[in-house]
Amino acid sequence: MTSAHAIASDVRAGARRASDVLEDFLGRIEMHDGDVHAFNTVTADQARAAAAAIDAAVDEGRDPGPLAGVPVAFKDNLCTRGVATTCSSRMLEGWQPPYDATVVQAMTAAGAVMIGKTNLDEFAMGSSTEHSAFGPTRNPHDLARVPGGSSGGSAAAVAAGFAPLALGSDTGGSIRQPASLCGIVGIKPTYGRVSRYGLVAFASSFDQIGPFAADVADAALALGVISGHDPADSTSIPAAVPDFEAALGRGVEGLRVGVISELTGSGRNGAATGGPGTAGAAGEVLDGIDADVTERVHEAADALADAGATVGRVSVPAVTYGLTAYYLIAPAEASSNLARYDGTRYGLRVDGADVEEMNRLTRRAGFGDEVKARIMLGTFALSAGYYDAYYGKAQRVRMLTRRDFDAAYADFDVLLSPTSPCVAFRFGERADPMTMYRCDTCTIPSNLSGDPAMSVPFGIGAEGLPVGVQVLAPALGEEPMLTVAAALERAAPPLPAPPLSTVADPTEGA
Amino acid sequence: MGDGTAISSEQVAHVARLARIELTPDEIEHYTGHLGRVLEHAGELEDLDLADVPPLAHPYPLSNVFRDDVAGSPVDRDEVLSQAPAASGGQFEVPPVLGEEA
Amino acid sequence: MAAGWETVVGLEVHVELATDTKLFSAAPSRFGDEPNTNVTPVCLGLPGSLPVLNRRAVELAMAVGLALNCDIRPSVFHRKNYFYPDMPKDYQVSQYDQPICSDGWLDVPGGSRVGIERAHLEEDAGKTTHLGGADGRIHGAVGALVDYNRAGTPLLEIVSRPDIGSAAEASAYVEELRAILLAVGASDARLEEGSMRVDANISVRPAGSAELRTRCEVKNLNSLRSLRNAIDFEARRHIELYEAGEAPVQETRHWSEDGRTHSLRSKEEADDYRYFPEPDLVPLVPDDEWIAQVRAAMPELPASVRARLHECGAEPEDAQVIVDRGLAPVVLGAVAAGADSRRTVTHAVQNLALDGAELLDPDGLASLVNLETSGQLTATQAKTVLVEMCARAVTAMHATPAGAEDPSGSASAAALALDPTAIAAELGFEAMADDELETLVDEAIAANPEAWEKFRAGEAKVAGVFVGAVMKATRGQADGHAVTQLLAQRRDA
Ligand SMILES: [Mg+2]
Ligand SMILES: [Zn+2]
């Protein structure tokens, strides 16, 4: 496998043809995606045309951009003009948007080549990609296990070597958790850092697009390409985009790193070296976070301390209520966002005697079980007589989360926690909704606050499966977050390659 | 809340009507259980004193975001209608609309 | 009104704001085009599309709010959730508990002060055409067609307090509101064409009581006459119910051509809209500076204009006519430029029900009035010149290229409406020198010695002989009044 950096610099220098690079990756997809099912659609023809255009540009002495010839996979909830955008739902099967998402435009403008659209939990609602209407994606590290979700297809595509880069969306952890389970890097940027225009909405005040990559440097490269103000998204932040890659080599000396107490209760409980103390009142320690995972987080903290960071423990009490608040607000927004799938303008229609019946039958047939459950949950949370007790209260918890993070960031530059409470689990193992929802315990708080967070592979846990450590930072704090992530990557024990990559690799020696 | 009866099957049926999702009686029972387990969990918020905590709707504090009143180009009608379940004469076609006079 | 009862009316008025584009999308906000051609992904509610607020719509809302003496406050858009095929997202984005304008009032001319509860911004829906039912009505329809060209058009919903006590007062309120909307340029506010839509909340109560009884909301009022008739009908219906020992039910009713209101089948979910803050839009926080800018850019309001016209001698009805014709700036400008105010008002009321009248240059009108009052033009000639000035103003405006770069297009058109002196000359209305007229009068006397003797003896009616002779000599262009004066001078000399 080759990194996005290596491909782009080779293609720009004329040392490799984008078309050859593409064929290598298409070959891997051809060989292995039958097992993995990372893709809903492989856009081979369109990709060949795009790669040829990149090659032509190079031939003419033009620079195709920082992602010249880099194949990229887009989660199938990102609008791509004329290319099916399904959200892995029967409801939108075959729907071809008349426009590209802003991030799709940005990646293409930077020279990236769309190689396909990746599988997800239907409308991004899930943590395992088991809720796709088109069948689950398998974890390249163990085909009997889930890749995480909802961006499981994008994570698996990068982990399996089908594309050096992929984009996903993260509403409650949907980039970071699958990145963790697949042993790769995944970033959820600050809410508003990356335009949401063209991302099919799940929960608008949480949704944020971000990159997957095999290493921190590639992820930072992609993040730089998709970041920036977009006048088409009112929640887009009008802030300059820093040079993210410059942050990678800065070193962690002097950085203050806080390990979130509530999310690292089991396993080793001792304070790490030389912390500036505990911020805030100690909250209850959440159980359900596996010891092997917590242990890796403490090792990561130690590694940062060894590299010169100041490490301490920090309490962020509101994270213990995050899951509950999230599972009221996000479905509430989703119930409204998904009302438009009514059989009138696009997507599925099941005919009825009148419009109302057509709506009901269409939505019955078009949505899967989990989507229906969340729409109804959200409808209930907003309905007359329940708004204050559910939606209203959850929004106040959201403010508490904001305040608790603000307090923590008064003492620390970045925070650490597990990304996922567990390593990749087997299909069907978390069928109960609350059990599944708990996969998001550690990732949800950053969606409530809107702050950036990312997952970096750091060793293995039970049964040799990858463990991800989550690095959290305050709003627009992607630079210190990436600095710490790069330091962790340097200190991480080597990760066994997914078994797939030991099968004949057409990119080898290319 | 918190006693396992956070939502009744009648409430689920009502919510399904509001959300325009056709459900069988069996499905109503299924979702009563599903929603009940989540709402039961929400009972933990009951004990929180949030009287002095204002609600937070937006994760990043922006205000006054506008566009100028300048027309852009519309989408291609044929491209859009080609994706519609039914269209006629440049319009989207639906079954009869009952209820309120338009 | 039946004895012992009084009517209580509150009005909800939706007006389409006069923007070039929609409230949340850059699609042209224009009517009459082919269906579904003025739409973007936002107007169609396409997955992934996002709204961005039109600054101009906000400024127009603020201007109306200021004209209605409202507080301009920070506001938040909410989603109002319900399913309807012409609402592309199946929710309407509208301001709910934090409207941009609140707590104002409107003084109804010759009537009372009506409280304004709020005015808020929201998006319009598309248009559904029912197929197959008689007259395109819903009943018996076999299907429907949906056009989203109107979807997303900015609406300002202006909600009055229940301070209106009669059909006539409701009508006057709407007329005055319309005048304000036109004055600030917020809307063309045409009831018949639907760019202004009035819903009336109607109830009755025992005369002199302050209670608010069950109200019914009546829709489909597309003329002032419908509004008045519907209020009278509905109030009578309530009174009859109460007097029969029954009571009306709170509901929405439809006014129809048969002169009655009809109950609309209310839907179960109709009152559970599950409002919540629109996460795709951020709060709107107008600061003092912006509010001051909008206020400074506002034109004079109709009530103030009428008061100034009154000072110029216009009776209230004449003032209203002048305002309705959009002639107040021309009239007041001409008076300010030194024209005789009564003469100017008279022209505006009697001679200027014309296209192009509002384009007249106030200085030009002043010159014309001066020509007349100085006797250089007769009243008849002045009117003829005025008609020509209006016609040339219209021609000049049309000659200005559409979307002209010149932002003061209409002002320059008015300037081109030419000098009345020049027009009078072109028409052959040579301003007659006094000595020329005197010569003509003397010639007429000399030609009719017998008549002159009679005139000198006090027989005033024979003056017609001389006036007729002078008119004949000037082909009707002499000022008869001046001739009469000269005759009197000669007699008394
Ligand atoms: Mg209303
Ligand atoms: Zn309204």
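Use the structure listed above.
Below, the structure is looked at part by part. Since the model is a prediction, treat every value here as computed from it, not as a measurement.

### So, the interface of chain C and chain B
Reports often express the size of an interface as the amount of accessible area lost when the parts come together. Taken residue by residue, the interface counts 59 residues in chain C and 38 residues in chain B. Summed over both sides, the interface between chain C and chain B buries roughly 4200 Å², with carbon and sulfur atoms accounting for 58% of that surface. Scanning the region where chain C abuts chain B turns up two salt bridges. The partner of Glu 34 of chain C in a salt bridge is Arg 77 of chain B, with the nearest N and O atoms 3.8 Å apart. In this structure, the connection of chain C to chain B is made through 20 residue pairs in polar contact (both at pLDDT 80 or more). Listed by contribution, the elements that provide at least two residues to the side of chain C that touches chain B are β2 (53-54), α1 (55-67), β8 (127-131) and β9 (143-147) of chain C. Its residues assigned to classes, the side of chain C that touches chain B comprises 32 nonpolar, 13 polar and 14 charged. Two elements, strand β3 (residues 91-94) of chain B and β9 of chain C, share three bridges in a ladder whose sense is antiparallel. Pairing of Phe 92 of chain B across the sheet is with Val 146 of chain C, part of β9 of chain C.

### Considering the environment of Asp 355 of chain C
Residue and element names in this part refer to chain C. Take Asp 355: it is sitting in the loop between α8 (341-351) and α9 (362-373). When the C-alpha atoms of Asp 355 and Ala 473 are compared, they prove to be 35 Å apart, with 118 residues separating the residues in sequence. The contacts of Asp 355, once residues within four sequence positions are left out, are Cys 390 and Val 394.

### What to know about the interface of chain B and chain A
At the interface, 54 residues of chain B touch 71 residues of chain A. Regarding the contact of chain B and chain A, the summed buried area is about 5500 Å², with carbon and sulfur atoms giving 67% of it. Considering only the surface of chain B that becomes buried against chain A, Arg 20, Leu 56 and Pro 59 of chain B emerge as the three largest contributors, covering 13% of it. In this structure, the connection of chain B to chain A is made through five salt bridges. Here Arg 20 of chain B ties to Glu 356 of chain A by a salt bridge, and the two come within 3.7 Å at their closest N and O atoms.

### Re the pattern of salt bridges
Pairing between side chains of opposite charge can happen when their charged atoms approach one another. Here the structure, examined in full by the defined rule, presents 60 salt bridges over all chains. Here Arg 308 of chain C makes a salt bridge to Glu 300 of chain C, at a shortest N to O gap of 2.5 Å. Classification of Arg 308 of chain C by relative accessible area gives partly exposed; the value is 36%. Look at the salt bridges and you will find they share partners, linking Arg 196 and Asp 233 of chain A together with Arg 79, Glu 278 and Asp 280 of chain C into a network.

### With respect to the sheet that holds strand β3 (residues 113-118) of chain A
Residue and element names in this part refer to chain A. The mixed open sheet is built from eleven strands, whose spatial order is β1-β3-β2-β4-β6-β5-β10-β11-β9-β7-β8. Every other strand in the sheet has two partners, leaving β1 (39-42) and β8 (310-314) as the edge strands with one partner each. Ignoring strand direction, the axes of neighbouring strands in this sheet form an average angle of 30 degrees. For strand β4 (residues 165-170) and strand β6 (residues 208-213), the ladder comprises six bridges, and the chain directions are antiparallel. Following the sheet pairing, Leu 167 is matched in β6 by Pro 211. Of the strands in this sheet, β1 and β3 are in contact with helix α3 (residues 44-59), which crosses β3 at around 160 degrees. Sheet strands touched by helix α12 (residues 388-411): β7 (256-260), β8, β9 (414-418) and β11 (466-472). Its angle to β9, the strand with the most contacts, is close to 120 degrees.

### Some words on helix α13 (residues 434-447) of chain C
Residues and elements named next belong to chain C. The first and last C-alpha atoms of α13 sit 20 Å apart over 14 residues, in line with the 20 Å expected at 1.5 Å per residue. When we look at burial in α13, the residues that qualify are Leu 437, Leu 440, Val 441, Ala 444 and Ile 445. All buried residues of α13 lie within an arc of 140 degrees about the axis, which places them on one face of the element. Among the exposed residues of α13, those pointing more than 90 degrees away from its buried face are Asp 435, Ala 446 and Ala 447. Packed against the buried residues of α13 are α14 (449-456), α15 (463-473) and α16 (480-492).

### Observations concerning the coordination of the zinc ion (ligand 2)
Residues and elements named next belong to chain C. Protein coordination at the zinc ion (ligand 2): the donors are His 14 (NE2), Glu 122 (OE), Glu 122 (OE) and Glu 157 (OE), at 1.9 to 2.8 Å from the metal. In this structure, the zinc ion (ligand 2) is surrounded by four donor atoms whose angles at the metal cover 51 to 135 degrees, and the resulting shape is irregular. Each donor residue of the zinc ion (ligand 2) belongs to the same chain, and together they define the spacing H-x107-E-x34-E. On the accessibility criterion, Glu 157 (9% relative accessible area) is buried.

### Here's the deal with the environment of Leu 143 of chain A
Within the secondary structure, Leu 143 of chain A sits in the loop between β3 and α5 (152-159). Between the alpha carbons of Leu 143 of chain A and Phe 123 of chain A there is a distance of 23 Å; along the sequence they are 20 residues apart.

### So, the nonpolar core
Membership of the largest hydrophobic core comes to 160 residues, with the highest contact counts inside it found for Phe 123 of chain A together with Leu 11, Ile 158 and Tyr 173 of chain C. In this structure, Phe 123 of chain A is in contact with Cys 87, Ser 89, Met 91, Leu 92, Val 200, Phe 202, Leu 338, Tyr 341, Phe 367 and Val 371 of chain A, ignoring residues within four places of it in sequence. Ala 159, Leu 165, Ile 175 and Leu 500 of chain A belong to the second-largest nonpolar core, a separate cluster that totals 96 residues.

### Things to note about α15 of chain C
All names here are of chain C. Among the residues of α15, those classed as buried are Ala 463, Phe 466, Val 467 and Val 470. What you see down the axis of α15 is that its buried residues fit within an arc of 100 degrees, all on one side. On its buried face, α15 is in contact with α13, α14 and α16. Immediately beyond the C-terminal end of α15, within one or two residues, lies Arg 475, with a positive phi of roughly 50 degrees.

### A word on the pairing of strand β5 (residues 185-188) of chain A
Residues and elements named next belong to chain A. Of the two faces of β5, both are covered, the one formed by Val 185 and Ile 187 as well as the one formed by Gly 186 and Lys 188. Of the strand pairs in this sheet, β5 and β6 are connected by two bridges, and their pairing is antiparallel. In the strand pairing of β6, Gly 186 is matched with Phe 212. In this sheet, strand β10 (residues 453-460) lies alongside β5 in antiparallel orientation, the contact comprising three bridges. By the bridge assignment for β10, Lys 188 is matched with Ala 453.

About the criteria used
- Residues numbered from 1 in each chain as written.
- Chains lettered and ligands numbered in written order.
- Predicted model: local features only at pLDDT ≥ 70, side-chain atom pairs only at ≥ 80, totals over all residues.
- Heavy atoms only, no water.
- Contact = heavy atoms within 4.5 Å.
- Buried area = accessible area lost by both parts, 1.4 Å probe.
- Salt bridge = Lys/Arg side-chain N within 4 Å of Asp/Glu carboxyl O.
- Polar contact = N/O pair within 3.5 Å; in protein donor to acceptor, adjacent residues only side chain to side chain.
- Helix = DSSP H or I, 4+ residues; strand = E, 2+ residues; numbered from the N terminus.
- Nonpolar A, V, L, I, M, F, W, Y, C, P; charged D, E, K, R; others polar.
- Pairing = 2+ DSSP bridges.
- Buried < 20%, exposed > 50% of the residue type's maximum accessible area, 1.4 Å probe, protein only.
- Axes fitted to C-alpha atoms, helices over the stretch in contact; angles between N-to-C directions.
- Expected span 1.5 Å × (residues − 1).
- Arc of directions from axis to C-beta.
- Donors = N, O, S within 2.8 Å, 3.2 Å for Na, K, Ca; no water.
- Tetrahedral: all angles 85-135°; square planar, octahedral: opposite > 155°, others 65-115°.
- Core = buried A, V, L, I, M, F, W, Y, C linked by side-chain atoms within 4.5 Å.

Such coordinate-based values are descriptive only and should not be taken to indicate function.
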